Amino acid sequence: MGDFTALPDLASRAFGGGVVSANDEFFAAADHLVLPHPPGHAPKTFDHKGQVYDGWETRRRREPGHDFAIVRLGAPGVIHGVDVDTAFFTGNYPPHASVEAVEVPGYPGPAELAAAEWVEIVPRSSLKGDSGNLFAVSDRRRWTHVRLRIFPDGGVARLRVHGEPMPDPELLPKVFDVAAAEYGATVTDCSNMFYGHPQRMLMPGLAQNMGDGWETSRRRDDGNDWVVVRLAAPARIRFADLDTSHFKGNAPGAATLTGMDERRDAGNWFELLPRVALRPDTPHRFRVTKAPEVTHVRLDIFPDGGMARLRLLGRADRSGMRR
C-alpha cells in the first residue's frame, strides 16, 4: 500500500471542506473533524457537558443504531485513503467505523444527501483508540461528499480524506492558479524539505507563519535548492507569485522558473522567468511573457531558504482537464 497520507486532505477546512450534517454531537461538534491542524488536548478541562475534546463526540447510545456525520469535500476528487483519527479518545472511541462516498452536483442539503445513493469505500472496520486508523480506498471514481459512520457511538478527532483533487473545469475561470493544490497541482520532486514540505506552498490562502511554507536546510556547498510542480492542467503561464512572507532571515536571495511539456518533450526544460532578486517577507509578482504551454514548472531558489506560497496564474488546456 502506497503512502496515501502524502496526498492532500480533500475534506480539510483549508480547502473549504465542512460538515453538512451529523445525527448527534452532544459532547463535541462534528465541525472539528475537518480542521486542518492536528488535534490537541487539555486534560481536566471541563465545560457544562464534561471534558472538552478537540473532535466529534456523541452521547452514549441507549438504543440500537449508530451515529454518522456527512462531510462536504472542500476539493472534490479521487480518494486514495482515509484516516479516522481517534487522538486523545481512549475510553470513549467507537470500536468500529465505515466510510461511504457520493458524487452529487451543485450544493445539496442534508435531505438531498440522505436520499442519495451512497457507495461504501471503507467497509465496517475495527478502530484503535488514541490513534490514527488508516484505510486504503481502491475505488477511483470522483466524489463530492463522504459519510462517516461510527458504531455505535463515541469520539473521533479528525477525518482525513486523502486523494487527488479533481475540480469541475466548467466552473473554473479562463485564467486561474494552475499550481493550486485544490485544483490538482502537486509536487513531484524537490531537492530538500528539511523544515517544511513544498506541497504547503500550493495550499489556499496566505501562509500563517514560517511553518506554513517550504523551507530547506542551510546549504554548505555551491549548489541551490529546487522543487518541481506538476500543474493542475497543461497551461500557458501569465503571472508568477513568489511569496516569501514570514521568511525574514531565511528568505532566498533569488529565484528562477523553468517549464517543461512532458507530452511533447519530457526532460527538455526552458526558461519561463529569468533569475530575479527576492526580498524577505514579501509577496512578489512577476509577468511571464511569451511562454509556451507547460505541464510542469520548476522553481529554483538561490541558494536556499523558505518560500511561503507559489502561485502560477495561467490559461489552462480545458480539454486536458476534462480528460
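Small disclaimer: the values here were computed from a predicted structure and weren't measured.

Draft legend 1. Molecular detail of unusual backbone geometry. A cis geometry characterises the amide bond from phenylalanine 151 onward to proline 152, with omega recorded as -10 degrees. Structurally, proline 152 can be placed in the loop between β9 (142–151) and β10 (155–156). Between phenylalanine 302 and the following residue, proline 303, the backbone shows a cis peptide bond with an omega angle of -15 degrees. Structurally, the position occupied by proline 303 is in the loop between β19 (294–302) and β20 (306–307). Located in the positive-phi region is aspartate 130, a residue other than glycine, with phi close to 50 degrees. Within the fold, aspartate 130 resides in the loop between β7 (119–126) and β8 (134–136). Residue classification places aspartate 130 among the partly exposed residues on the basis of a relative accessible area of 42%. With a phi close to 80 degrees, histidine 246 is a non-glycine residue in the positive phi region.

Draft legend 2. Spotlight on a positive patch on the surface. Residues Lys174, Arg236, Arg238 and Arg315 make up a contiguous surface patch of positive charge. Here arginine 236 is to be found in strand β15 (residues 225–243). Among the residues examined, arginine 236 registers a relative accessible area of 40% and is labelled partly exposed.

Draft legend 3. Highlighting the pattern of salt bridges. This model, assessed by the stated rule, comprises 19 salt bridges. For aspartate 54, the salt bridge identified is with arginine 158, shortest N-O distance 2.9 Å. Of this pair, aspartate 54 sits in the loop between β3 (50–51) and β4 (56–57) while arginine 158 is found in strand β11 (residues 158–165), placing the two residues 104 residues apart along the sequence. A single salt-bridge network, built from bridges that share partners, covers Asp261, Arg263, Arg264, Glu293 and Asp317.

Draft legend 4. Broad picture of the packing of aromatic side chains. Evaluation of the coordinates by the stated rule reveals four aromatic pairs. A ring pair is formed by tyrosine 53 and phenylalanine 89, whose centres lie 4.5 Å apart and whose planes are at 20 degrees; its orientation type is stacked. Here tyrosine 53 is found in the loop between β3 and β4, whereas its partner phenylalanine 89 is found in the loop between β5 (67–85) and β6 (96–102), with 36 residues between them in sequence. For phenylalanine 89, a relative accessible area of 1% corresponds to the buried category. Plain terms: the ring middles of phenylalanine 194 and tyrosine 195 are 4.8 Å apart, the flat faces sit at 80 degrees to each other, and that makes the pair edge-to-face. By the burial criterion, phenylalanine 194 is exposed, and tyrosine 195 matches it. Over the aromatic face of phenylalanine 26 sits the side chain of lysine 49, whose NZ or CZ is 4.5 Å from the ring centroid.

Cut-offs and rules
- Residues numbered from 1 in each chain as written.
- Predicted model: local features only at pLDDT ≥ 70, side-chain atom pairs only at ≥ 80, totals over all residues.
- Heavy atoms only, no water.
- Helix = DSSP H or I, 4+ residues; strand = E, 2+ residues; numbered from the N terminus.
- Buried < 20%, exposed > 50% of the residue type's maximum accessible area, 1.4 Å probe, protein only.
- Patch = residues over 30% accessible without salt bridge, like charges linked within 9 Å, V, L, I, M, F, W, Y side chains within 5 Å.
- Areas by Shrake-Rupley, 256 points an atom, 1.4 Å probe, with all protein chains shown as cover.
- Salt bridge = Lys/Arg side-chain N within 4 Å of Asp/Glu carboxyl O.
- Lys, Arg positive; Asp, Glu negative; His and termini not counted.
- Charge placed at Lys NZ, Arg CZ, Asp CG, Glu CD.
- Phe/Tyr/Trp six-rings, centres within 6.5 Å; stacked < 30°, edge-to-face > 60°.
- Lys NZ or Arg CZ within 6 Å of the ring centre and 35° of its normal.

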